[in-house]
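Architecture and fold: a report
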Amino acid sequence: MTPRRRKTSALVKNLLEWYSKNARDLPWRRTHDPYAVWVSEIMLQQTQVKTVIPFWERWQRELPTIAAAASAGSDQLHKLWEGLGYYTRVRNLQKAAQLIVTRHAGKFPERFDDILALPGIGRYTAGAIASIALNQPAPILDGNVIRVLTRLFGIAENPKAKPTNKRLWQLAEELVKTAQPHPSIRGSRRQQAPDSKSPGRPDGCSALNQSLMELGALVCTPRSPQCPVCPAKKLCVAFRENRVAELPHLGLRLKPTARHFVAFALEQDGKFLVRQRPAGRVNAHLWEFPNLEVEEGKADAEKLFKSEFGFAAQRFLPLLTVRHSITRYRITLEAFQVHLAAAKSPTTALSLRSSATDAETAAAWKTPAQMHELAFPSAHRKILRVLAARASCPCVSTA
Ligand code: SF4
């Protein structure tokens with residue numbers, strides 16, 4: 001056996017043993033249903049495990065099958081995803097579910113190429129589903145696994161560079177192939193109760209890939225990795241050479257860009273004007289309060305309102321400021337509550353939408369309780385919460 005092969009085998013053995021004792025009991029680990037694993041993997045993109053758990057559980061309750069996901073209405077889908085962000089994910093998920101219904105008779109495909117051909121599924125996600133749910137020796141490579149592998153093998157080159165990325169995929173493949181089958185695996189997936197509370201010890205490929213993800217999430221973290229308790233420390237080049245803090249070498253990061261928005265909660269007779277974002281835009285199909293992007297520090301919100309809507313507000317009150325980040329954008333949203341004069345009928349204000357927004361944008365007047373039924377991006381849901389609390393709406397406790 002070559003030294004490289006010996007290292008790979010020892011790594012696999014250590015990782016599998018460690019995973020069998022340390023894996024978190026996550027709800028999607030109690031099943032091998034590819035649909036359930038697929039939904040979890042899509043939700044986990046850009047989103048932390050603890051955030052995903054209640055979303056995944058609610059999704060499984062409301063849309064427990066591929067057929068249910070394929071036929072769900074757009075409002076239900078977006079409401080189930082509300083708060084997770086990156087809404088293209090849920091629309092692709094439904095497109096893929098519809099394709100599975102038409103092309104694969106509603107059964108999740110088992111061939112890797114068929115999985116990869118589904119909308120919204122790239123090489124990583126296809127590998128995760130094929131290995132975790134179907135125990136196929138398909139490699140995975142995401143941020144966590146890149147960090148673990150570059151440190152374990154002492155890879156100093158930028159992992160985004162093509163040859164280095166290729167090498168990392170090869171290493172991930174060697175590891176998962178070595179894990180199939182592995183002598184330390186007891187029992188098989190079929191012997192496990194699907195609803196077992198324990199993550200248990202499924203089979204090699206599934207456990208190995210999850211052990212890499214889990215090590216990256218719990219031990220080999222970006223800052224302060226727990227090397228002294230790491231199951232791979234004796235085989236880790238970065239640990240041995242004291243290079244842990246240097247790896248992975250990701251190159252220069254893009255500087256964050258600040259963006260500033262002003263939103264108006266127009267109120268008349270206890271109802272607020274909201275609009276639905278058109279298809280093809282960020283946060284398409286979600287509802288929001290009318291808003292505009294402005295140059296930071298240069299906008300007088302009240303004057304801006306008058307110039308956009310064509311009349312002055314009866315009362316104009318600051319409501320709240322929401323700060324959040326989306327990809328490289330650091331966004332500040334200042335919201336104002338705008339009371340309209342009684343003479344301004346809802347129809348008048350509705351017709352104003354075409355001057356302030358896209359002509360195809362749907363707009364409607366809604367009470368806080370009615371708005372609670374709609375899907376909003378997180379920043380606008382915060383505005384809704386404040387309005388609902390001020391209106392003493394019972395929906396506020398669940399908003
Ligand atoms: Fe990561 Fe440290 Fe383990 Fe190496 S020894 S894999 S750097 S946690």
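Summary of the structure given here. Quantities reported herein were computed from a predicted structural model and do not represent experimental measurements.

Attention now goes to helix 13 (residues 301-309). Those residues of helix 13 that fall on the buried side of the exposure criterion are Ala301, Leu304, Phe305 and Phe309. Looking straight down helix 13, one finds its buried side chains confined to an arc of 105°; they lie on one side. Facing away from the buried side of helix 13 by more than 90 degrees, the exposed set consists of Lys303 and Ser307. For helix 13, the N-terminal capping position is held by Asp300, with its side-chain oxygen 3.1 Å away from the main-chain nitrogen of Glu302. Looking one or two residues beyond helix 13, the residue adopting positive phi is Gly310, at roughly 85°.

With 13 residues, helix 17 (residues 378-390) extends 19 Å from end C-alpha to end C-alpha; this agrees with the ideal 18 Å at 1.5 Å per step. Along helix 17, the residues that are buried comprise Ala379, His380, Arg381, Ile383, Leu384, Leu387 and Ala388. Among the residues trailing helix 17, Ser392 stands out with phi positive, at a value near 50°.

Here we come to the site of the ligand. Looking at the ligand, the residues that line it are Arg151, Leu152, Val219, Cys220, Cys227, Cys230, Lys233, Cys236, Phe239 and Val244. Across the shell around the ligand, the residue classes break down as eight nonpolar, no polar and two charged.

Scanning all chains against the criterion turns up 16 salt bridges. Notably, a salt bridge pairs Arg4 with Glu174, separated by 2.9 Å at the nearest N-O pair. With Arg4 in helix 1 (residues 3-22) and Glu174 in helix 10 (residues 162-178), the pair connects residues that are 170 residues apart, well separated along the chain. Judged by its relative accessible area of 41%, Arg4 is partly exposed. On the accessibility criterion, Glu174 (30% relative accessible area) is partly exposed. Note that Arg30 and Asp25 form a salt bridge whose closest N and O atoms lie 3.0 Å from each other. A residue is classified by how much of its surface remains accessible, and Asp25, at 35% relative accessible area, is partly exposed. One salt-bridge network, held together by shared partners, links Arg24, Arg29 and Glu214.

Here is what the cut-offs are and how they apply
- Residues numbered from 1 in each chain as written.
- Predicted model: local features only at pLDDT ≥ 70, side-chain atom pairs only at ≥ 80, totals over all residues.
- Heavy atoms only, no water.
- Buried < 20%, exposed > 50% of the residue type's maximum accessible area, 1.4 Å probe, protein only.
- Helix = DSSP H or I, 4+ residues; strand = E, 2+ residues; numbered from the N terminus.
- Arc of directions from axis to C-beta.
- Polar contact = N/O pair within 3.5 Å; in protein donor to acceptor, adjacent residues only side chain to side chain.
- Expected span 1.5 Å × (residues − 1).
- Near = heavy atom within 4 Å.
- Nonpolar A, V, L, I, M, F, W, Y, C, P; charged D, E, K, R; others polar.
- Salt bridge = Lys/Arg side-chain N within 4 Å of Asp/Glu carboxyl O.

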